[in-house]
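Listed below are the residues making up each chain.
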Amino acid sequence: MKKSILVVLSLAAAALDVHAQLELSAETQLTASDGSATPLWLNANKYGLSSLDDVNGYLRAGVFRHQDEDSTRRWRLGFGADVAVASGFTSTMVVQQAYGELGWLKGLLTVGSKQQPMELKNQELSTGSQALGINARPVPAIRLSLPDYWDVPYTKGWLGLKGHISYGMFTDDKWQKDFTNQQTRYTEHTLLHTKAGYLRIGKVEKPVSVELGLEMACQYGGTSYAPLHSPRLEKVENTGGLKGALKALIPGGGDVSDDEYANADGNHLGSMMARVNFDYPTWGVSAYADHYFEDQSMMFMVDYDGFGTGEKWDEWEDNRWLVYDLKDILLGVELRLKDFRWVNTVVAEYLYTKYQSGPNYHDHTRHLSDHIGGRDEYYNHHLYTGWQHWGQVMGNPLYRSPLYNSDGNIRVADNRFWAWHLAVNGDPLPGLHYRMMCTWQRGFGTYKYPLLAPQRNLSLLAEATYQFGDASSLSGWNVSCGVGLDRGSLLGDNTGVQLTVGRKIFTKKGK
């Protein structure tokens, strides 16, 4: 079977006159845990190819042609197919990736479902980005991007830009119906829009640089079934089509269920990011920040508060503004030791999300002109099932994913917390790589459903991977073994072991 696939793909590449390597991969994973769930760091930040069940596993196979194989050409072609047969997962057959790519100069068009890495953070050691993370399954989309920094003309290489814009559709409709038994909020055919832009200040060859980023996303369209005015679910047809796509691109209007207090149409969210890099031949260090927002109160940190009274209750009369505190933020530092095998990278992070514009939520009325917009309810929404896909949050996994819920509600039950995180990796021997992670978290629930008492959690991971054969090559067999545990009332007391065996084969380049 493998030979047949290789022959077909090689002939297709020849017919397209693109002679380049094909990557064939196969992998199997088995996880066994003792407790209420798989430990956090054996489950999180795996692009959703993971499970909370105490015993779970998968068989996975993929074939890829990477578009950077055509780096010497103006046009580039890439594709990938990555599927898994799973046990103990939210579905048995998982189409993890299925995409085609067409690149021209610096631009890249991607159609389909593809795992996209985080920006401005360490892929292996960070807890994860708050907006566009790597914790959930990819959403099939049409995506136009500048994947690498493009030097802005006339800046002599001092400024670089990259980013993307995409439109896609969620694929977890059936899972939502099964999880909720159609008794609590769920959606069908929800659409997704994401966009991001990143600015690099500093030349590539210089040791010091600054990176600034803005990531934004919007869930829109589709049909929502939500308890808006009573415990019974009401059917709501959200704004879709071209009108919905434009409102997702440029926030405005209001949800179809809004009354006179209209919010932006759809579930809008995003992050403002910054990273300062110092990179030298033998070492490097970076400091970074990630500030999450759900609306303008946390995006701009100000809100208008000068409304009139009486008949002018909804008119702007005074130059009066409410200033919010900058409390909710992820702060991190990454140390890179390039010539020290035993410790390559150290990452430390602090994440605080308790503020959310404050505990008060109040829109001005005819009788009270003060306007305070708090209780932002991170990752949750009154119409949509929040910032999740297949039960896993699409941002940082320290926001407790809906998969942990036992009450059939698709919501993030703990979005107000603080956490400290420390992680390290290294390559002490040829072919041997390890990483260790430790996270201490204290959760407070949500503003709407606070925990009766703060709940604590300690999550640990120790993982080692051995690459057989040439350690400098990704081809060949590799074996990984990880041990993780959770301790505390937030996630429960869980201990688990995860074994992964994989192999990659690269075909020879054409002549």
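Residues numbered from 1 in each chain as written. Predicted model: local features only at pLDDT ≥ 70, side-chain atom pairs only at ≥ 80, totals over all residues. Heavy atoms only, no water.

**Observations regarding the sheet that holds strand E12 (residues 234–237)**
And step 1. In spatial order, the strands read E8-E11-E12; together these three strands make up an open sheet with antiparallel pairing. Two strands lie at the open edges of the sheet, namely strand E8 (186–188) and E12, each paired on one side alone. With strand direction ignored, the average angle separating the axes of adjacent strands in the sheet is 20°. (Pairing = 2+ DSSP bridges. Helix = DSSP H or I, 4+ residues; strand = E, 2+ residues; numbered from the N terminus. Axes fitted to C-alpha atoms, helices over the stretch in contact; angles between N-to-C directions.)

**A short note on the packing of aromatic side chains**
And step 1. This model, assessed by the stated rule, comprises 18 aromatic pairs.
And step 2. Ring centres 6.4 Å apart and planes at 85° place the aromatic pair Phe 307 and Trp 316 in the edge-to-face group.
And step 3. Under the relative-accessibility criterion, Phe 307 is labelled buried at 12%.
And step 4. In this structure Trp 316 comes out as exposed when scored by relative accessible area, which is 57%.
And step 5. Following the ring pairs from residue to residue traces out a cluster consisting of Tyr 292, Tyr 378, Tyr 379, Tyr 399 and Phe 417.
And step 6. The lysine or arginine in question, Lys 162, covers the ring of Tyr 149, its NZ or CZ lying 4.6 Å from the ring centre. (Phe/Tyr/Trp six-rings, centres within 6.5 Å; stacked < 30°, edge-to-face > 60°. Buried < 20%, exposed > 50% of the residue type's maximum accessible area, 1.4 Å probe, protein only. Lys NZ or Arg CZ within 6 Å of the ring centre and 35° of its normal.)

**Some thoughts on the pairing of strand E6 (residues 141–151)**
The side chains of a regular strand alternate between both faces of the sheet.
And step 1. Where strand E5 (residues 107–113) and E6 come together, five bridges link them in antiparallel fashion. By the bridge assignment, Leu 109 is partnered in E6 with Leu 144.

**What to know about helix H4 (residues 241–249)**
And step 1. Taken as a whole, H4 has its buried residues at Gly 244, Ala 245 and Ala 248. Down the axis of H4, the smallest arc covering the buried residues is 100°, so these residues share one side. In H4, the exposed residues that point more than 90 degrees away from the buried face are Leu 242 and Lys 243.
And step 2. On its buried face, H4 is in contact with strand E7 (159–169), strand E9 (191–201), strand E10 (208–220) and strand E13 (267–279). (Arc of directions from axis to C-beta. Contact = heavy atoms within 4.5 Å.)

**Description of the environment of Asp 148**
And step 1. Relative to the assigned elements, Asp 148 resides in strand E6.
And step 2. Through-space distance from the C-alpha of Asp 148 to that of Gly 160 is 8.9 Å; in sequence the pair is twelve residues apart.
And step 3. Setting aside chain neighbours within four positions, we find Asp 148 in contact with Leu 161 and Lys 162.

**What to know about the confidence of the model for the chain**
And step 1. Here the chain averages 91 in pLDDT, and 92% of its residues register 70 or above.
And step 2. Segment residues 1–18 is flagged for pLDDT under 50; beyond a separation of four residues in sequence, or across chains, it makes 16 contacts in the model. (pLDDT = per-residue confidence, 0-100.)

**Describing unusual backbone geometry**
And step 1. The phi torsion at Tyr 47 lies on the positive side, around 55°, for a residue other than glycine.
And step 2. With respect to the secondary-structure elements, Tyr 47 resides in the loop between helix H2 (40–43) and strand E2 (55–65).
And step 3. Taking the relative accessible area as the measure of exposure, Tyr 47 reaches 16% and is therefore buried.
And step 4. Of note, the phi angle at Arg 375 is positive, near 50°, even though the residue is not glycine.

**A closer look at helix H3 (residues 173–180)**
And step 1. Turning to H3, its buried residues are Asp 173, Trp 175, Gln 176 and Thr 180. Taken down its axis, H3 places every buried residue within 160° of arc, on the same side. Turned more than 90 degrees away from the buried face of H3, the exposed residues are Lys 174 and Asp 178.
And step 2. At its buried positions, H3 is contacted by E8 and strand E21 (388–389).
And step 3. Count one or two residues on from H3 and you reach Asn 181, which has phi positive near 55°.

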